[in-house]
Each structure stands twice: as C-alpha cells, then as structure tokens.
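Per-entry structural report
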Amino acid sequence: INPKRTCEKAEKIIAVSDSTKKDIEIIYGIPEKKIEVIHSAVSEDFRVIDRNDPKMLETKEKYKLPYNFIFYLGTMEPRKNIIGTIRAYNQLRRLHNQELDKYKLVIAGARGWKEKETLKEIEKSPFGKDILNIGFVGSQEKPYLYNLASLFVYPSLFEGFGFPPLEAMKCGVPVITSNNSSLPEIVGDAGIMIDPERTDEIYKVMKKILVSRNLRDKLREKGLKRSENFSWKKTAEMFLEAIDKFDKQH
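Throughout what follows, the structure given in this document is the object of discussion.

So, how was this worked out
Numbers given for residues are sequential positions, taken from 1 along each chain in its written order. Thresholds applied to this predicted model are a pLDDT of at least 70 for local features of residues and 80 or more for the giving and counting of side-chain atom pairs; totals over whole chains, interfaces and linings are not thresholded and use all residues. Hydrogens and waters are ignored; side-chain quantities use all the structure's heavy atoms. Strands here are runs of E lasting at least two residues and helices are runs of H or I lasting at least four, both read from the DSSP assignment and numbered beginning at the N terminus. The size measure is the radius of gyration over C-alpha atoms, and the globule rule it meets is 2.2 Å times the number of residues to the 0.38 power. Burial status follows relative accessibility: with a 1.4 Å probe on protein chains alone, a residue under 20% of its type maximum counts as buried, one over 50% as exposed, and anything between as partly exposed. By definition in these notes, contact holds between two residues if any of their heavy atoms fall within 4.5 Å. Surface accessibility in these figures is a Shrake-Rupley result with a 1.4 Å probe; residues are shielded only by whichever protein chains are displayed. Asp and Glu count as negative and Lys and Arg as positive, but His and the ends of the chain are not part of the count. Where a charge sits is defined by one atom per residue type, namely NZ (Lys), CZ (Arg), CG (Asp) or CD (Glu). Only when DSSP finds a minimum of two bridges between them are two strands counted as paired. What counts as an axis is a line fitted to C-alpha atoms, over the stretch in contact for a helix, and the angles between N-to-C directions run from 0 to 180 degrees. A helix is expected to span 1.5 Å multiplied by its residue count minus one. Our arc is simply the arc of the directions from the helix axis toward the C-beta atoms. Nitrogen and oxygen atoms within 3.5 Å of one another constitute a polar contact, given that in protein one can donate a hydrogen and the other can accept it, and given that sequence-neighbouring residues count only through two side-chain atoms. Patch criteria: residues need more than 30% relative accessible area and no salt bridge. Like-charged residues are merged within 9 Å; nonpolar side chains of Val, Leu, Ile, Met, Phe, Trp and Tyr are merged within 5 Å. By convention in these notes, a salt bridge is any Lys or Arg side-chain nitrogen within 4 Å of a carboxyl oxygen on Asp or Glu.

Of the regular secondary structure elements, the protein holds 12 helices and 8 strands. In terms of C-alpha radius of gyration, the protein reaches 19 Å, essentially the compact-globule figure of 18 Å for 250 residues. Across the 250 residues that make up the protein, the buried fraction comes to 50%. By sequence separation, contacts in the protein at least 24 residues apart represent 68% of the contacts at least 6 residues apart. If you sum the accessible surface of the protein, you get close to 13,200 Å²; carbon and sulfur atoms cover 51% of it. Seen as two clouds, the 44 positive and the 37 negative side-chain charges of the protein have centres 3 Å apart.

Take a look at the structure:
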C-alpha cells in the first residue's frame, strides 16, 4: 500500500481527526478542500457499570485486580510511552504516602514492537510487585476494567484518533493524556493534558488527581459529558451526508 499515492488518486478523503487532516495536507501535500473530518466513536458497551455487577466482580477476580489502581490500556510499544507512565508511578510511590501507596499500576494490552524495553522497565522498578501486566484483554472485558480503575493514564507520543481516552471517559474514569496530535481535540477540557516527554509532569498530575476526590468527581462528570459528542450513529450520518454532497457535486 502506498498511502501518499492513494490519497493523491482519491477524489475525497475522510480523516478521523483535524490532526490527521493536517498531517495529510502537510506530509502528502493534499489540498485541504479534498479532505473532510469525521470523528470516530466507541461502542455503547463503554458505559458506567454498577460496581456490584456480577461481571465486574468476575473480571476483578479473573485478573486479580486490586481495589485501587491506575490503569493503562493499549498495545505495548514505544509510541504509547508506557515507560513514561511506569517512571511517573515510581516517583509517586517514592513519596511513601500512605494514601497514595494503596494505588497499584495495571497495564493491559497486546504485546507489540519493542515490548522488551517496557518489560525491562517493570522488572527494574523498585515497586515492580505493585505493577500488574495483565496482557491482552477481550473487547467484552474492557468496559469492566475501565469501571474498576481509579484513574486512566495515556501519555501517548502520537495518535491519529485515540480510542482509549474516549472509552475511559464514557466509563466515568478521570483521564490524563498527552497534549499532542489528536488527543486534545478528542478529550478537550474533560481530561488533564500533559507533555508526554516530561515524566515529572505525569507524576504531578497523577498525584493531584489521586489526592483530590473533588477533582476526580469533576473530571468524571466532564468526561461523561464530553463523550456524548461521539457516537457511531453521528459518524454514520456525517459519512452518508459527505457521500450525498459528493454525489451532487459530481
């Protein structure tokens, strides 16, 4: 596949974010008028679930999850910056604060390119026993994992859309994510943005959210409200509208 040539040949391009649209324009030199932005969405399975739901308890038991945990979900590869999350967690635990020490770090997702670097980072962490790498999880279990989490951290270095932060917001979990690529336009002011290259920034925001129930509640409410802007029904309607408009012009 030659994406540049495909974009040049295409009569119309649908981009999943403004960020992707800009990349297509700048990197491939495609005219702006040829590209339309239609945001993706996530399944309605991602929702707030009662903590006493039998499936919730079953998921908690299956993965031996703690009651309080910071959560990451995504492929284990350098672009996702899991190492940054682990280092920020180490800083948080070095405070030896009784309130913060109860939070474990749970990493979920398929193994990917250069995964060994991340695995080594877990091994050498002085708090490695409190870092759970549960590996790949099925799509049906994901909503339950989000609902069990206290905080979702996603300091990715680049995302064309960024599904996990949106999934987390729909499940009512406070979100920390990067101030780059498409993530600000998806999360908006419903999460806290950080520079993914600065571990100390990730750590400070983690601490800020975990020590303040008021802030957690505020982010939860904002996330739920923000996530209502994204639905596959809306995406489909916009897609059909774009096709209809294109047909009339040609």
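So, on to the sheet that holds strand 6 (residues 151–154). One open sheet accounts for 6 strands, arranged 5-4-3-6-7-8; its pairing is parallel. Bordering the open sheet on either side are strand 5 (131–135) and strand 8 (192–194), each of which pairs with just one other strand. The sheet shows a mean angle of 25° between the axes of neighbouring strands, direction not considered. Pairing geometry for strand 3 (residues 69–73) and strand 4 (residues 104–108), over 5 bridges, is parallel. Within the sheet, the bridge partner assigned to Ile70 lies in strand 4 and is Leu105. Here helix 8 (residues 163–170) sits on the sheet in contact with strand 3, strand 6 and strand 7 (175–178), set at roughly 170° to strand 6.

Taking 1.5 Å of rise per residue, 18 residues should cover 26 Å, and helix 12 (residues 232–249) covers 26 Å from first to last C-alpha, within 8% of that figure. Taken as a whole, helix 12 has its buried residues at Thr235, Ala242 and Phe246. The arc that holds every buried residue of helix 12, seen down its axis, measures 30°, which confines them to one face. Residues Lys233, Leu240, Glu241 and Lys248 are exposed on helix 12 and point more than 90 degrees away from its buried face. Buried-residue contacts for helix 12 involve strand 1 (13–15) and strand 2 (35–37).

Residue position: Ser125 is located in the loop between helix 6 (115–124) and strand 5. A residue is classified by how much of its surface remains accessible, and Ser125, at 7% relative accessible area, is buried. Side chain to side chain, Ser125 and Asn90 meet in a polar contact 2.7 Å long. Reaching out from Ser125, the side chain makes a polar contact with the backbone nitrogen of Phe127 at a distance of 3.0 Å. In contact with Ser125, other than residues within four places in its own chain, are Asn90 and Ile131.

Turning next to a nonpolar patch on the surface. A contiguous nonpolar surface patch, about 350 Å² in accessible area, is contributed by Ile14, Phe239, Leu240 and Ile243. Tallying contributions element by element places helix 12 first for the nonpolar patch, with 3 residues. In this structure, Phe239 sits in helix 12. Overall, Phe239 belongs to the partly exposed group, its relative accessible area being 40%.

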